[in-house]
Every structure is written in structure tokens, then in C-alpha cells.
Amino acid sequence: MDLQVPEQEASFRDEVRTFLEENLTDEIREAGKMVTSVFSPVKEAMDWQRILNDKGWAAPHWPKEFGGTGWSVTQRAIFAEELVRAETPPLIPMGLHMCGPCLIGCGTEEQQKEYLPKILNGDDLWCQGYSEPGSGSDLASLKTFAEKDGDDYIINGTKIWTTYAHHANKMFALVRTRKDGKPQQGITFLLLDMDLPGISIEPIVGLDEVPEQCQVFFDNVRVPQKNRVGEENDGWTVAKYLLTFERGGQEYAPSLHVQLEKIKVMASRQQTVFGSLQDDPVWQYKLAQLEADVLALEFTEMRIKSALSAGKDPGALSSMTKILGTELLQAITELRIETLGAQATIWQPQALVPGDEQPIIGPECALTAMPYYLNSRACSIYGGSNEVQRGIIAKAVLGL
Ligand SMILES: Cc1cc2nc3c(=O)[nH]c(=O)nc-3n(C[C@H](O)[C@H](O)[C@H](O)COP(=O)(O)OP(=O)(O)OC[C@H]3O[C@@H](n4cnc5c(N)ncnc54)[C@H](O)[C@@H]3O)c2cc1C
């Protein structure tokens, strides 16, 4: 593994830092600090995306000819690290990280021209219509049916856990177009507008009282056939191609390091009957264990970057980082609750709404602790559950 940082990449880090200092508005910074999920408040995330897009930095991972930056893998990693350090709101991934790369790889030229500029500039907000009740891990069993009628498909069925369906104006969806044969061979990938007649949306309120996910119902919804990506009944190929972007290349360590640093500051301000919490040996032991695990994860993520830089496929390492990253995130949110004690139990979700002027009860650092803890219970489920990731490792690495 080559860990050397050439001089030009160090100056690139300075360039990114200067840009962030000059362009992050107070509202966007504030929203970034209050984030309690992998998803940010829509308005602030989209405002931030447009600022990045004006600079040409909204989608560094896209090929240059489609609006990417042409950066090296290391430059992209530096950029991602600096965004985390500056606590910017994470960009909403369904367009930039899923639909966009998928259209670049599998869409027609017409689809690319129509959709990609609007994804980059945040004019369209996409949601992902894959999962259905009873079809999550076993996605190929999905039942939402699309029947051909003239130039259109008519869709009936339902999708569930669709993140931000109630904010999105577009959806990429998997539908069944053939009922016989192998389940994977009867699926088609479609793009559709969320305001079409026959679509209804029911938000699902999470443990943290935030309606992030939805159930979407389709009642005779008409979608033009030209909105199909790939061939009819070959949507599984497109879906799998998209999942490589959803699951691959995500870095957890930079954000986990930032969160551990914050917890240390919180502990320095907490008093127990024996003195400062940061001197408590039991607390120190828990922190040290997490720091060692995050460091180990960081090195694994470096191995992935090193493999990608050398044009190699990191293989099942991305399943490993998904498991470790999400389980460490859950453990860190637990330590944060433990560190704050009773202060973490003051429930004031309204104070997390950007622009809310209500006075905060207790220390500001405690505001996000409980909502983040509750929200992060889901991260070992979405994007392919951790049990499913373990299955991938068992098969691909251990040959079981
Ligand atoms: C917060 C959140 C956001 C989401 N956003 C979206 C979205 O935007 N769009 C979308 O389409 N979907 C979304 N999902 C759905 C997500 O992809 C599914 O929840 C996930 O794939 C698991 O499917 P399931 O919920 O049906 O559980 P199931 O597949 O029924 O699994 C139930 C349990 O069985 C285990 N299990 C299942 N199969 C296996 C196996 N082969 N080996 C070992 N264990 C197994 C699972 O790990 C889990 O613990 C989201 C989910 C969450 C929680």
C-alpha cells in the first residue's frame, strides 16, 4: 500500500479548505452541525450542492465529460475528508451517487442529456424505488407490476422504505414486466415523475420522530416506455450496476474520527463524584477501544483507496467496511449518550429544524445525541443489511 502524499495533493487540500472557508454560509454550516442521519435537511443540502456545482465540484466521482472533476482517487478522498471536517451537510445521494452514475453507464444519450445536468444542479431530487413489503434483501422477488399499453407501461403495486419520496420529484424504480421464468429475468428499470396521477405517498415516522422514509402506492400509473433504462426484463443488470455505486467506495473513518473528538470534548466537561469523566478508567477504556477500531477501519479504507488508485477491484473489502463502519457508528453514538448521561435524554427535535429560534435546553452538544443514536439503528439495515454483507464475505472471501 502506497501511503505517500505528494506535494501537489497537500496543496490541493489547502485549496479545498480555502474554498470551504469562503463558500460555506452560516445556514449551511448550522444545518451540517445538526445532522442526525446520513440524510441532511433537503433545502440546505440542495443549496450546498448548487454552490459546489457552480465550482464544478458536485460530483467528483463522475467522468469529466459528464461533469466530474477528473481528480485522482486520493484527491477525491481528501475532498471527502475536508467536507466531513468542516461538518458540511452530506449531499443527498440518490441522484448524485446512484441514478447519475447508473445513467452514465446504462442510459441512452437522450436520457443522459435530459437528466444529468438537473441531477448535478439539484433541480431534480430523486428517490430509489427498489424495496417492497416482503422484498428487501430478497429484492428479486419484487411484485410491483408494469403492463405494456401502447407507448406506456401501466404500473400497479407498492414500494416501501423509499427515502425522501415525499420530497422527491423523480423516482428510479424496479418493476416486474414478466411473471414467468427466473425472478431476476422479469424485472425492468424505469424512471418516473412523482406527481403522476395514481401515485400516493405515505410518510413513515422513524424512531427519532422524523419522517425520512415513505411507502409509495401505484394505482394504474402511466409511464412512457422511453423512460426505461436498459432493455425490458433486463432491469436486474441495471439495478446491480447501480448497487455497486450505492454500496461501494463509501468512507466511514473520517466522520467517525470527528465524532470521537467531539465526545472527548464532551467528557472533559462532565463531572462524576470521582472527578472529570475524561479521567474515568472505564470511560477511557471504552474510548480507546473505539479509537483503535476506527484506526483499523481507516487503514482498511486506505487499502481500498490504494487498490482503486492502482486500477484494482477492492472486492469484498467494501462489504467489510460497510459492516465495520455502521457498527462503529452505532457504538460511537452509544458512547456519546453515555458520556452526556441525563443531558442526552432531553427530547427537543424542534430545535434541530434549521432556522428554529427556540432556546435550547441543556448544552448544545447534547441536542443531536439521542436522535442520532436512534436514527443510526437503521444503518446496519439499509444499503444491504449487515447479515447480507457477511453472507457476501462468506461466499467471496471464505468460499463457503
Ligand atoms: C433507513 C432506511 C432507508 C431505506 N431507504 C431505502 C430506499 O430509499 N429505497 C429502497 O428501495 N429501500 C430502502 N430501504 C430498504 C432497505 O434496502 C431494506 O430494509 C433492506 O434491504 C432489508 O430488507 P427488509 O427490510 O425487507 O428486511 P428483510 O430482507 O426481510 O430482512 C429481515 C432480517 O433478515 C436478515 N436476512 C435477510 N436475508 C438474509 C440472508 N440471506 N442471510 C442472512 N440474513 C438475512 C436481514 O439481515 C434482516 O435482519 C431503506 C431501509 C432503511 C431502514
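Residues numbered from 1 in each chain as written. Predicted model: local features only at pLDDT ≥ 70, side-chain atom pairs only at ≥ 80, totals over all residues.

1. A word on the domain arrangement of the chain
Examined at the domain level, the chain breaks down into domain 1 (7–91), domain 2 (126–236) and domain 3 (248–396). Centre-to-centre separation of domain 2 and domain 3, based on C-alpha positions: 32 Å. In this complex, domain 2 contributes 5 residues to the contact, which on the side of domain 3 involves 7 residues. (Domains from an automatic or database assignment. Contact = placed C-beta atoms within 7 Å.)

2. Here we look at the packing of helix α10 (residues 317–340) against helix α12 (residues 386–396)
The N-to-C vectors of α10 and α12 enclose an angle of 145°; their axes lie 9 Å apart at closest approach. At the point where α10 passes α12, the crossing takes the left-handed sense. Between α10, through Ser319, Met320, Lys322, Ile323 and Thr326, and α12, the contact on the second element is made entirely by Asn386, Gln389, Arg390, Ile392 and Ile393. Within the contact of α10 with α12, the residues separate by chemical class into 4 nonpolar, 4 polar and 2 charged. (Axes fitted to C-alpha atoms, helices over the stretch in contact; angles between N-to-C directions. Helix = DSSP H or I, 4+ residues; strand = E, 2+ residues; numbered from the N terminus. Left-handed = near helix turned anticlockwise from the far one by under 90°. Nonpolar A, V, L, I, M, F, W, Y, C, P; charged D, E, K, R; others polar.)

3. A short note on the packing of helix α5 (residues 93–106) against helix α6 (residues 109–120)
α6 packs onto α5 with a crossing angle of 160° between their chain directions and a minimal axis gap of 10 Å. Considered as vectors, α5 and α6 are oriented roughly antiparallel to each other. Handedness of the crossing formed by α5 with α6: left-handed. Across the interface between the two elements, Gly95, Leu96, Cys99, Gly100, Leu103 and Ile104 from α5 touch Gln111, Gln112, Tyr115, Leu116 and Ile119 from α6. Its residues placed into classes, the contact of α5 with α6 shows 7 nonpolar, 4 polar and no charged. (Parallel < 35°, antiparallel > 145°, perpendicular 65-115°, else oblique.)

4. Digging into unusual backbone geometry
For Trp161, which is not a glycine, the phi torsion comes out positive at approximately 65°. Mapped onto the secondary structure, Trp161 falls in the loop between β3 (152–160) and β4 (170–176). The class for Trp161 is buried, based on 21 C-beta atoms found within 10 Å. One non-glycine residue, Asn220, lies in the positive phi region at around 50°. The class of Asn220 is exposed, set by 11 C-beta atoms lying within 10 Å. (Buried ≥ 20, exposed ≤ 12 C-beta atoms within 10 Å, placed from the backbone.)

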